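In case you want the letters, here they are:
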Amino acid sequence: MMDLHPADIAEAMDDLTVEEAKFIYLLLDGEKASDVLMEIPDNDRKRFLRVLPSEFIASKFIEHMDSDDAADVVAELDEDVKKEVLNEIEDVEHSGDIVDLLEYDEDSAGGIMAKELVLVNENWTVATCLKEISIQAEEVDEIYYIYVVDDSEKLKGVLSLKDLILTPTSTKISNIYDSDITKVNTNARQEEVAELMDKYDLVAIPVVDDIGRLKGRITFDDVIDIVREEAEKDYQMVSGITGDVEPGDKVWEVMRARLPWLMIGLLG
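What counts, and at which threshold
Residues numbered from 1 in each chain as written. Predicted model: local features only at pLDDT ≥ 70, side-chain atom pairs only at ≥ 80, totals over all residues. Heavy atoms only, no water. Pairing = 2+ DSSP bridges. Helix = DSSP H or I, 4+ residues; strand = E, 2+ residues; numbered from the N terminus. Axes fitted to C-alpha atoms, helices over the stretch in contact; angles between N-to-C directions. Contact = heavy atoms within 4.5 Å. Patch = residues over 30% accessible without salt bridge, like charges linked within 9 Å, V, L, I, M, F, W, Y side chains within 5 Å. Areas by Shrake-Rupley, 256 points an atom, 1.4 Å probe, with all protein chains shown as cover. Salt bridge = Lys/Arg side-chain N within 4 Å of Asp/Glu carboxyl O. Lys, Arg positive; Asp, Glu negative; His and termini not counted. Charge placed at Lys NZ, Arg CZ, Asp CG, Glu CD. Buried < 20%, exposed > 50% of the residue type's maximum accessible area, 1.4 Å probe, protein only. Phe/Tyr/Trp six-rings, centres within 6.5 Å; stacked < 30°, edge-to-face > 60°. Parallel < 35°, antiparallel > 145°, perpendicular 65-115°, else oblique. Left-handed = near helix turned anticlockwise from the far one by under 90°. Nonpolar A, V, L, I, M, F, W, Y, C, P; charged D, E, K, R; others polar. pLDDT = per-residue confidence, 0-100.

With that settled, consider the sheet that holds strand E2 (residues 146-149). With mixed pairing, 3 strands are arranged side by side in an open sheet as E1-E2-E3. Each edge of the open sheet carries a strand with a single partner, namely strand E1 (118-121) and strand E3 (155-159). Across the sheet, the mean angle from the axis of one strand to that of its neighbour is 35°, orientation sign disregarded. Here helix H10 (residues 126-136) sits on the sheet and contacts E1, E2 and E3; the angle it forms with E1, its principal contact strand, is near 155°.

Here it is in structure tokens:
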């Protein structure tokens, strides 16, 4: 099982008891365990997290997640447990990033962005930039773009790896970055983000605050989740379902959600 894809492991764990599922998680390394947790349907994940101690949630899951996924999981916890989990996280910077993300509306760009990215200062040379990238890359799973900022952390543009490699090491970044960049504000609706990324075929898009400071990035996998959620909402409306219903919900829960429309149809 340990060599399986996280989605396959999550599917195999579907019929396990809480204790059995916890035992499986103990056998997985932290990164694999956190990936499996994110593959579980939202309702099942919430029920599972309710019976786990805060220390286990922090050390086994949250510490190994990107900030956006970690914030999503922490947001599902009760307020008292949420505080305990945040205090159990050893990496204070990671914990701070999660707290920052929790401040944004969950349906906004700020609410779905991740803080992990690679950025360089426009005044650095290529040599300094290469050195810094090697350090920052340890915290980023995939490097799609290198973002260029000024001394105030305002986003100036993007830098391609190709230009970085082919340019003499003494060249300043301000002379080679591309200032033509598509970005979104932290308050932008997630549907707007999805539309922009689809329109311009972007694999990632930077997120800035009201004065243009770089705050995070949204990647295409986050947009896929948004599209899937919108498709599920459309399906529920067509099916006459009211309220939030997950694909794994029991028959009675789905019937209860459809009951208002069924009653209207019966009276008609």
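On we go from here.
On to the environment of Asp100. Examined against the element boundaries, Asp100 turns out to sit in helix H8 (residues 92-102). Asp100 sits 29 residues away from Ala71 along the chain, and the two C-alpha atoms are 9.0 Å apart.

A contiguous patch of negative charge on the surface is contributed by Asp8, Glu11, Asp14, Asp15, Asp29, Glu31, Asp35, Glu39, Asp141 and Glu142. Going through the elements one at a time, helix H1 (6-12) and helix H3 (30-39) are the ones with two or more residues in the negative patch. Examining the composition of the negative patch, we find that 3 residues originate from one element, H3, more than from any other. Relative to the helices and strands, Glu142 is located in the loop between H10 and E2. Given the relative accessible area of 45%, Glu142 is considered partly exposed.

Okay, the packing of aromatic side chains next. In the structure shown here, the tally under the stated rule is 5 aromatic pairs. Here the aromatic rings of Phe56 and Phe61 are separated by 5.8 Å at their centres, their planes lie at 75°, and the arrangement is edge-to-face. Ring pairing ties together the aromatic residues Tyr25, Phe48, Phe56 and Phe61, which thus form one cluster.

This part takes up a nonpolar patch on the surface. On the surface, Ile143, Leu161, Ile165 and Leu166 cluster together to form a nonpolar patch covering roughly 410 Å² of accessible area. By secondary structure assignment, the location of Leu166 is in helix H11 (residues 161-166).

Packing of helix H5 (residues 54-61) against helix H7 (residues 79-88) brings their axes to within 8 Å, and their N-to-C directions diverge by 50°. Comparing the axis directions of H5 and H7 gives the class oblique. In this structure, H5 meets H7 at a crossing whose hand is right-handed. Judged by residue contacts, Ser54, Glu55, Ile57 and Ala58 of H5 engage Val81, Glu84, Val85 and Glu88 from H7. Classifying every residue of the contact of H5 with H7 by side-chain character gives 4 nonpolar, 1 polar and 3 charged.

Moving on, we get to the sheet that holds strand E5 (residues 204-208). Sheet architecture is open: 3 strands sit in the order E4-E5-E6, paired in mixed fashion. Two strands in the sheet have a free side with no partner beyond their single neighbour: strand E4 (184-185) and strand E6 (214-219). Taken together, the 2 bridges between E4 and E5 define a ladder with parallel strand orientation. Looking at the pairing, Val184 lines up with Val207 of E5. In this fold helix H12 (residues 190-199) packs onto E4, E5 and E6, with an angle of close to 135° to the strand it touches most, E5.

What follows is about the confidence of the model for the chain. Here the chain shows a mean pLDDT of 87. Residues at 70 or above account for 84%. Here helix H14 (residues 251-267) is the element of the chain with the lowest mean pLDDT, 58, and E4 is the one with the highest, 98.

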